[in-house]
Amino acid sequence: MAAAAKEILTRRPVAATIRLTVPAGGARPAPPVGPALGQYRLNLMAFCKDFNARTQKYKPDTPMAVTITAFKDNSFEFTVKSPTVSWYIKKAAGVDKGSTRPGHLTVTTLSVGHVYEIAKVKQTDPFCQYMPLESICKSIIGTANSMGIKIVKDLE
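Thresholds, definitions, all that
Residues numbered from 1 in each chain as written. Predicted model: local features only at pLDDT ≥ 70, side-chain atom pairs only at ≥ 80, totals over all residues. Heavy atoms only, no water. Helix = DSSP H or I, 4+ residues; strand = E, 2+ residues; numbered from the N terminus. Rg over C-alpha atoms; globule rule 2.2 N^0.38 Å. Contact = heavy atoms within 4.5 Å. Areas by Shrake-Rupley, 256 points an atom, 1.4 Å probe, with all protein chains shown as cover. Lys, Arg positive; Asp, Glu negative; His and termini not counted. Charge placed at Lys NZ, Arg CZ, Asp CG, Glu CD. Buried < 20%, exposed > 50% of the residue type's maximum accessible area, 1.4 Å probe, protein only. Polar contact = N/O pair within 3.5 Å; in protein donor to acceptor, adjacent residues only side chain to side chain. Domains from an automatic or database assignment. Buried area = accessible area lost by both parts, 1.4 Å probe. Salt bridge = Lys/Arg side-chain N within 4 Å of Asp/Glu carboxyl O. Nonpolar A, V, L, I, M, F, W, Y, C, P; charged D, E, K, R; others polar. Expected span 1.5 Å × (residues − 1). Arc of directions from axis to C-beta.

Caption draft 1: Layout of the overall build of the protein. For the protein, the helix and strand inventory stands at 6 helices and 5 strands. Written out in order from the N terminus, the α and β elements of the protein read α-β-α-α-β-β-α-β-α-α-β. Expected size for 156 residues packed as a compact globule is a radius of gyration near 15 Å; at 19 Å, the protein overshoots this value by more than 25%. Structurally, the protein occupies a C-alpha span of about 60 × 45 × 30 Å along its principal axes. Across the protein, the fraction of contacts at a sequence separation of at least 24, relative to all contacts at a separation of at least 6, is 62%. Summed over its atoms, the accessible surface of the protein is roughly 10,000 Å², and 55% of this surface lies on carbon and sulfur atoms. Of note, the protein has its 21 positive side-chain charges centred 5 Å away from the centre of its 11 negative side-chain charges.

Caption draft 2: Quick peek at the side chain of serine 111. Its location among the elements puts serine 111 in strand 4 (residues 108–111). Using a relative accessible area of 11% as the deciding quantity, one classes serine 111 as buried. Of note is the side chain of serine 111, whose polar atom sits 2.9 Å from the side chain of histidine 114.

Caption draft 3: How the structure looks around the domain arrangement of the protein. By the assigned domains, the protein splits into domain 1 (11–82) and domain 2 (84–152). Here the C-alpha centre of domain 2 lies 27 Å away from the C-alpha centre of domain 1. Across the boundary between the two partners, domain 1 contributes 5 residues, which contact 7 residues of domain 2. Summing both partners gives a buried area of about 560 Å² for domain 1 against domain 2, and 57% of it is carried by carbon and sulfur. Among the residues of domain 1 in contact with domain 2, Pro63, Lys81 and Ser82 are the three that bury the most area, contributing 72% of the side total. Counting every contact that joins domain 1 to domain 2 gives 0 salt bridges. Among the residues forming the side of domain 1 that touches domain 2, the class breakdown is 2 nonpolar, 2 polar and 1 charged.

Caption draft 4: Representation of helix 6 (residues 133–146). In this model, helix 6 (14 residues) spans 20 Å end to end at C-alpha, consistent with the 20 Å of a helix rising 1.5 Å per residue. Regarding helix 6, the residues found buried are Ile136, Cys137, Ile140 and Ala144. Buried residues of helix 6, viewed axially, fall in a sector of 100°; they line one side. For helix 6, the exposed residues lying more than 90 degrees away from the buried face are Glu134 and Lys138. Turning to helix 6, the residues buried within the fold contact helix 4 (85–93), helix 5 (112–122) and strand 5 (149–152). Following helix 6 by one or two positions, glycine 148 adopts a phi angle in the positive range, close to 80°.

Here you go:
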């Protein structure tokens, strides 16, 4: 109980929560990062250096979702999530976009192995950390179906 009370007393007031999609290793103080952080008077260069250091293991131009919590004392914290499931599916399938009529037109097929590999990467995300791999796979299969991509046991 005392630990919870101490945490509440030391909590800093939040000015805003900013959500951006920034290419991995490509954060620069230009739009979209500059205006979004500048209006809360946050240190742009500190964010860009930290973000680029955290995302250097990914290929350049991989779209990374980042959530920035701006505090009233002009400091900030941010969490970086891996790219979206639809981005991974499109990369694995080798297509630019999904079907215009999902359920009627099938754009391409993916194997269950591809789904499993995407699920293993997504399991490292903070929000999927404690989800079973099977549940993540089912979610990925649902996303692929809604994009008009058929999941098969083995690719012929």
